[in-house]
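Next come the chains, spelled out residue by residue.
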Amino acid sequence: MKINRRSFLQMSALAGGGFALSLHCPRLAAAQAPTTPSDLTPQAFIHIASNGVVTIMARASESGQGMRNMLPMLIAEELDVEWKDVRVQQAELNEKVYGRQFSGGSANTPQGWEPMRRVGAAGRQMLITAAAQTWAVPEAECTTQPGRVIHAASGRSAGYGELAARAAALPAPALSSVKLKDPKDYRIIGHSQPGVDTHAIVTGKPLFGIDVELPGMLYASIEKAPVFAGKVKSANLEQIRKLPSVRHVLIIDGGITPAALTPWPTPGGRHSRPANNSRLTGISARQPRKAPKDSRLKRLNCSKPRPHPPCANTAMWTQRSRHRRRS
Amino acid sequence: MSIQLKVNNVAASVDVSPETPLLWVLRDVLHLTGSKYSCGIGMCGACTVLIGGHAVRSCMTPVGSLGNQPITTIEGLSPDGLHPLQVAWEALDVPQCGYCQAGQIMSAAALLEHTPHPTDAEIDTAMSGNLCRCGTYTRIRQAIQQAAQTGAATPAK
């Protein structure tokens, strides 16, 4: 099922009583509020169940550098919870709520470093406020240990799960106002933590974009013209349209793109066809009269390294590079 | 045309043309998406599964060519995710992005089945067809050695 943030909230509520800090999310989204780091709120990132399990949103996508560990670790550190009690969930794409969600350029750690810690610290502050109100004691007398608010003077303490509902009803403090830990007190940051997805990876659980199935989804890919920078003169579009699962086939700049109900034998699996199967190769093309201005041709002819291909095309690019090397 | 398969010890009947690559039958028909499509021409190993205990590239194996040989995918390597290789992989936190890792583990399973205590050189030879763009090769080798020591004799069937 598709889980957007609203349905996640509804599910959380149905799951029984405990959810808390994410109560304000829909209103926040409706207000179209935050676009700058200082406008981020703990409600968007932190969800605490009544049993103390903490779910933290990873706002940026994972491509192997550990974003789904690193960003939630920053929040967990300042929220003051045990990392083993944290569950990581991917945030939906909404930069108004989550800020920068792009992964690339080694930018997530420097750009998330302070805002994510402040989000966690603001969540901790709300739990302290909730406890202080419950016990009718000054907030300044309350401290935290991982997962608990402590009032040493009276010997009282409460788990975050017990306080979550009350905390959720509070306004979030301004991120600039919250106090951050002294780095010497870090218990999570700077300590190696196992990859949050490692178990799913080694057991083959659906985890990647290619594993997603949606109702009515079509698979599309690009069949390039057989000469470099060629333009399509003609293609066996009618023949392709008659293939059992194909729904569309379009001529695009430099090739054709069939879209089909199944990933084979057309998109995705197009390279898998038997060598003598020419069903998808009926493209005739003409060479461009001169090198295109966009310099792709020049790059190929010079000795400079080619630019990194866009992620979505990596598999195809790799294969094409191999063919070139061989020839 | 209906084709009979035995995947992870479960009998399956699939209605596809015999030339369909096994990978797409696993992923698209049987919804076993642990085996990955990557190069599609048997050069990267991301789609590796066991067929009769041997590591095979499912992206270029026609499903009609399998006969009654048992097929094992990453989902069926162990009932509980506790195959010695999976345990070692987790203990050493081998993966980064993880996309190639199912294929890596299946190739390693085939290796240990036939060579329970491989040398580093034997590991490198057996695993040379599995590419990892993150470059996790050194941890992969360590994990295979660890699994070999902790009871690799568990047959991956």
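Residues numbered from 1 in each chain as written. Chains lettered and ligands numbered in written order. Predicted model: local features only at pLDDT ≥ 70, side-chain atom pairs only at ≥ 80, totals over all residues.

Glancing now at unusual backbone geometry. The residue Ser-106 of chain A is not glycine, and still its phi comes out positive at about 55 degrees. As for its position among the elements, Ser-106 of chain A is in the loop between α5 (95-98) and α6 (108-135). One non-glycine residue, Asp-93 of chain B, adopts positive backbone phi at about 50 degrees. Here Asp-93 of chain B shows up in the loop between α2 (84-91) and α3 (101-114). Here Asp-93 of chain B falls in the partly exposed class, since 15 other C-beta atoms lie within 10 Å of it. (Helix = DSSP H or I, 4+ residues; strand = E, 2+ residues; numbered from the N terminus. Buried ≥ 20, exposed ≤ 12 C-beta atoms within 10 Å, placed from the backbone.)

All names here are of chain B. When cut into domains, chain B gives domain 1 (2-74) and domain 2 (84-149). Here the C-alpha centroids of domain 1 and domain 2 sit 21 Å apart. The interface is formed by 14 residues belonging to domain 1 together with 13 residues belonging to domain 2. Elements supplying a minimum of two residues to the side of domain 1 that touches domain 2: β3 (48-51) and β4 (54-57). (Domains from an automatic or database assignment. Contact = placed C-beta atoms within 7 Å.)

Quick look at the sheet that holds strand β2 (residues 54-58) of chain A now. All names here are of chain A. Strands sit in the order β1-β2-β3 across an open sheet of 3 strands; the sheet is mixed. Since the sheet does not close on itself, it has two edges, and those belong to β1 (46-48) and β3 (86-90), each with one partner. Averaged over all pairs of adjacent strands, the angle between strand axes in this sheet comes to 25 degrees, irrespective of strand direction. The pairing of β2 with β3 spans 5 bridges and is classified as parallel. For Val-54, the partnering residue across the bridge sits in β3 and is Val-86. Across the face of the sheet, helix α4 (residues 67-79) comes into contact with β1, β2 and β3 while running at roughly 130 degrees to β2. (Pairing = 2+ DSSP bridges. Axes fitted to C-alpha atoms, helices over the stretch in contact; angles between N-to-C directions.)

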